[in-house]
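# Commentary on secondary and tertiary structure
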Amino acid sequence: QVQLVESGGGLVQSGGSLRLSCAASGISGNMFSTYVVGWYRQAPGQQRDMVAFITNGGKIYYGDFVKGRVTVSRDNTKNTVELQMNTLKPEDTDVYYCNAGEPSRFPPSIGGAYWGQGTQVTVSS
């Protein structure tokens, strides 16, 4: 059973930075390297938005609302994926979810099969 655990959320002032981390477990061998991995965010009662993801081939995609302000990276040797967020705005306040899935089953607007529990990011004005 694949498990994803996020860390690094918290409270930050507008204009500040945060780095989110996600550690994957329950994945055998080098299976993590074959997955698409990324981050989504969602506020209560709102749709889930794609923040960023990296394909198994290393291609990176960002949501339009975060382009230029975030950087996503993965370490296949450690089964981790990270999200560096800079110049944060109050509208970035959300629960951020780590996500992973097989490339053939990863519609970008929805994400893959595996989700973390989420980590709260709050940006104060």
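Residues numbered from 1 in each chain as written. Predicted model: local features only at pLDDT ≥ 70, side-chain atom pairs only at ≥ 80, totals over all residues. Heavy atoms only, no water.

### Some remarks on the overall build of the chain
Cut-off, in case you're wondering: What counts as a helix is a DSSP run of H or I of at least four residues, what counts as a strand is a run of E of at least two, and both are numbered from the N terminus. A radius of gyration in this sense is built from C-alpha atoms; the matching globule rule multiplies 2.2 Å by the number of residues raised to 0.38. Think of it in three bands: with a 1.4 Å probe and only protein chains considered, a residue is buried below 20% of the maximum accessible area for its type, exposed above 50%, and partly exposed in between. Exposure was quantified through the Shrake-Rupley algorithm and a 1.4 Å probe, taking into account, for residues, occlusion by the shown protein chains and nothing else. His is not counted here, nor are the chain ends, while Lys and Arg score as positive and Asp and Glu score as negative. For this purpose, a charge sits on NZ of Lys, CZ of Arg, CG of Asp or CD of Glu.
Assigned secondary structure in the chain consists of 0 helices and 11 strands. Going from the N terminus to the C terminus, the chain shows its helices and strands as β-β-β-β-β-β-β-β-β-β-β. Its C-alpha radius of gyration of 14 Å places the chain within 12% of the 14 Å reference for a compact globule of 125 residues. Projected onto its principal axes, the C-alpha positions of the chain cover 45 × 25 × 25 Å. Residues counted as buried form 42% of the 125 residues belonging to the chain. As presented, the chain carries roughly 6,400 Å² of accessible surface, and 48% of it is formed by carbon and sulfur atoms. Of the charged side chains in the chain, 10 are positive and 9 negative, and the gap between their average positions amounts to 4 Å.

### Points about the sheet that holds strand 7 (residues 70–75)
This is how the line gets drawn: A pair of strands is treated as paired once DSSP finds two or more bridges between them. Only the stretch in contact is used when fitting a helix axis, every axis being a line fitted to C-alpha atoms; angles between N-to-C directions are given from 0 to 180 degrees.
Pairing is antiparallel across the open sheet formed by 4 strands, whose spatial order is 1-3-8-7. Two strands bound the open sheet, and with one partner strand each, they are strand 1 (3–7) and strand 7. Within the sheet, the average angular offset between the axes of one strand and its neighbour, ignoring direction, is 15 degrees. Bridging between strand 1 and strand 3 (residues 18–25) involves 5 bridges; their strand directions are antiparallel. Bridge pairing in strand 3 links Ser 7 to Ser 21.

### A word on the environment of Arg 74
Spelled out, the test is: We call two residues in contact when some of their heavy atoms are within 4.5 Å. Two N or O atoms form a polar contact when they lie within 3.5 Å of each other; inside protein one atom must be a possible hydrogen donor and the other a possible acceptor, and for residues adjacent in sequence the pair counts only when both atoms belong to side chains.
Following the sequence through the fold, Arg 74 ends up in strand 7. As a C-alpha pair, Arg 74 and Phe 53 span 21 residues in sequence and 9.5 Å in three-dimensional space. With residues up to four places along the chain from it excluded, the contact list for Arg 74 reads Phe 32, Ser 33, Tyr 35, Val 36, Val 37, Ile 54, Thr 55, Asn 56, Thr 80 and Val 81. At 2.7 Å, the side chain of Arg 74 and the backbone oxygen of Phe 32 are in polar contact.

### Side note on the nonpolar core
For clarity, the threshold we go by: The criterion is simple. A nonpolar core is a set of buried Ala, Val, Leu, Ile, Met, Phe, Trp, Tyr and Cys residues joined through side-chain atoms within 4.5 Å.
In terms of nonpolar packing, the biggest core is built from 27 residues, with Trp 39, Leu 83, Met 85 and Tyr 96 touching the most fellow members. The biggest single contributor to this core is strand 3, with 4 residues. Tyr 40, Met 50, Phe 53 and Phe 106 belong to the second largest nonpolar core, which has 5 residues in total.

### Side note on the packing of aromatic side chains
Using the following cut-off: Aromatic rings from Phe, Tyr and Trp, taking only the six-membered ring of Trp, are treated as a pair when their centres fall within 6.5 Å; an angle between ring planes under 30 degrees marks them as stacked, one over 60 as edge-to-face, and anything in between as tilted. In our convention, an over-ring charge means Lys NZ or Arg CZ found within 6 Å of a ring centre and within 35 degrees of that ring's normal.
Evaluation of the coordinates by the stated rule reveals 5 aromatic pairs. With centroids separated by 6.4 Å and ring planes inclined at 85 degrees, the aromatic side chains of Tyr 97 and Trp 115 adopt a geometry described as edge-to-face. Of the two residues, Tyr 97 sits in strand 9 (residues 94–101) while Trp 115 sits in strand 10 (residues 114–115), which places them 18 residues apart along the sequence. Put simply, the rings of Tyr 40, Tyr 97 and Trp 115 touch in pairs and so form one group of aromatic residues. Here Arg 48 stacks its cationic end above the ring of Tyr 97, 4.4 Å away from the centre of that ring. Its end group placed over the ring of Trp 115, Arg 48 keeps NZ or CZ at 4.2 Å from the ring centre.

### A few points about the pairing of strand 4 (residues 36–42)
In regular strands, side chains alternate between the two faces of the sheet. In terms of burial, strand 4 is largely enclosed, as 6 of its 7 residues are buried. Where strand 4 and strand 9 come together, 7 bridges link them in antiparallel fashion. The partner of Gly 38 across the bridge, within strand 9, is Asn 99. A loop of 6 residues connects strand 4 with strand 5 (residues 49–54), the two strands running antiparallel in sequence, and Gly 45 in this loop sits at a positive phi of about 80 degrees.

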